[in-house]
Amino acid sequence: MKKICLGVVGIVLTFFSAYAQTPQKDSSTYKSRKLTFDEANLVSSYYKQEGNNAAVTGGIGSQKLSDISNTIDVKFIKWDRKDRKHSFDLEVGLDHYTSASSDQVDLKANSSASHADTRIFPSVSWLIENEKNGTTIGAGLSSSTEFDYQSIGANINFSKKTNNRNGEFTAKAQAFIDKVSLIYPTELRSGGGGDDDDDDDYATTARNSYSGSLSYSQIINQRLQIMFIADLISQKGLLSLPFYRVYFNDNSVQKENLPDTRMKIPLGFRANYFIGDKVILRSFYRYYHDDWGLTAHTVEVEAPVKVTPFFSITPFYRYYKQTAVDYFAPYKTHISSNQYYTSNFDLSAFNSNFYGAGIRLTPPKGVFGIQQLNMLELRYGHYTRTNGLNSDIVSMNLKFK
Amino acid sequence: MKLVKLKPKVNRLAVVAVSAVAILSSCTTVKEYQKNKLNDGEMTLSSRKIQKTESSFQSYREGASGANGGKTGGGCGCN
């Protein structure tokens, strides 16, 4: 994994050293008809979690997990003859995780093939922005591939600014066509649950997600802007996971079983306020409800403090609260006559707290004197859930311009 | 009985609607040259790029997702 990380950093630095002698790009008086490099971002994260409610083992057992993630996105821009701005974004992400619970698909294994996996998730997007009439249209494609899960995504979006350019309406539609490999717990396999000797022989089944999103942002005054967001998400297909176990009160065991449809309605609100000259208050609230009976509230506040014009510190706090889905019960408390059942504690009732801080460096001569390295951001967060799960995440964002 | 249960929700919705109208009606038109604070990189009305992995693990470890401009599907998060 260390090799992968260093490899990614090496590729990025090589790529941008090629641009080291590139002349300054577009100014307000010149708009390039040629495709030119705009910016690139490398985001790397290390995540680790601990807990004792693994869904693979029916709501008991270690949830120890670590994940290293690297994402690089590169943005190119050009203007066409009608003076419309075209933005092309190419992104590639790579995750590598190790998971104690996945190792328990086979309860006898100490370190089976499923204890670690790598996920690769590339995406492309294209935006056309017409500054004269204030409209933007865009489309994108994405994919995500890991051993037992494949996903193909597509999206389209449309934005229109108000006449005074102080408000903007956006509509977005997304579809994800996913395939879940039917890997069952070893003791529940009866010929159809795969074969450890041939990894490519697992049968698959569909899980599709469709979403529509409407948002409206509005400038209130020179210091305050807000946004309302409403999503409607419909999921169909296998929404349970075939290797999640459920132990019933009669000591029998089954794989998790959940309805094959789910409708989600999240409603969000953002407000950002510039206090004085040095402090910004960023806030977010989300109400969520779905037809599995889960209701949740999320409140997030962060306050970037500009210590100097080129250095800021950002403490943040996030509070989250959810009710359980109708089909949740912990280890050995389900009744086997139930139609649907899960012991996945991610769907149980809990509150969570997530807090931490970040720093952001944007020196005018570049970070560490490297002109192309426009920004360095570091962020650490600690997450605790009232049912015992806790995690830490540290992330870095390098921006090249 | 149903009406009694609905009442608090209706009241909350009414408060939200009235607040939204009050906020939006207090808008003043801000010209481009007056947007130096609004155009600050920290004032964008979206999650930061550095929050990408945070958002992913939150959507996997929690039942709720969406309404934050990010993905609303794709990826397993099964571990």
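One structure accompanies this document, and this report is about it. (Residues numbered from 1 in each chain as written. Chains lettered and ligands numbered in written order. Predicted model: local features only at pLDDT ≥ 70, side-chain atom pairs only at ≥ 80, totals over all residues. Heavy atoms only, no water.)

### So, the overall build of chain B
Thought 1: What chain B contains, in helices and strands, is two helices and zero strands.
Thought 2: Per-residue burial over chain B gives 38% buried out of 79 residues.
Thought 3: Per element, the accessible surface of chain B, about 4500 Å² overall, is 63% carbon and sulfur. (Helix = DSSP H or I, 4+ residues; strand = E, 2+ residues; numbered from the N terminus. Buried < 20%, exposed > 50% of the residue type's maximum accessible area, 1.4 Å probe, protein only. Areas by Shrake-Rupley, 256 points an atom, 1.4 Å probe, with all protein chains shown as cover.)

### Description of the nonpolar core
Thought 1: Membership of the largest hydrophobic core comes to 22 residues, with the highest contact counts inside it found for A:W292 and A:L294.
Thought 2: Counting only elements with at least two residues in this core, the list comes to β16 (311–322) and β17 (350–361) of chain A.
Thought 3: Ignoring anything within four residues of it in the chain, the contact list for A:L294 reads A:R262, A:Y288, A:H289, A:Y320, A:Q322, A:T323, A:A324, A:V325, A:L347, B:G63 and B:A64. (Core = buried A, V, L, I, M, F, W, Y, C linked by side-chain atoms within 4.5 Å. Contact = heavy atoms within 4.5 Å.)

### Overview of the packing of aromatic side chains
Ring pairs (aromatic) are described by centroid distance and by the angle formed between their planes.
Thought 1: All told, the structure shown has 16 aromatic pairs over all chains when counted by the stated rule.
Thought 2: On the basis of an interplanar angle of 80° and a centroid distance of 6.1 Å, the ring pair of A:W292 and A:Y327 is categorised as edge-to-face. Placement of A:W292 in the loop between β13 (279–290) and β14 (295–302) and of A:Y327 in the loop between β16 and β17 is noted, with a sequence separation of 35 residues between them.
Thought 3: Of the residues examined, A:W292 reaches a relative accessible area of 2% and is grouped as buried.
Thought 4: Aromatic pair A:F328 and A:F345: ring centres 5.0 Å apart, planes at 85°, arrangement edge-to-face. In this pair, A:F328 sits in the loop between β16 and β17 while A:F345 sits in the loop between β16 and β17, placing the two residues 17 residues apart along the sequence. Residue A:F328 shares its accessibility class with A:F345, and that shared class is buried.
Thought 5: Among the aromatic residues, those joined into a cluster by ring pairs are A:Y47, A:F316, A:F354, A:Y383 and B:F57.
Thought 6: Sitting over the face of the ring of A:F121, A:R119 holds its NZ or CZ atom 4.0 Å from the ring centroid. (Phe/Tyr/Trp six-rings, centres within 6.5 Å; stacked < 30°, edge-to-face > 60°. Lys NZ or Arg CZ within 6 Å of the ring centre and 35° of its normal.)

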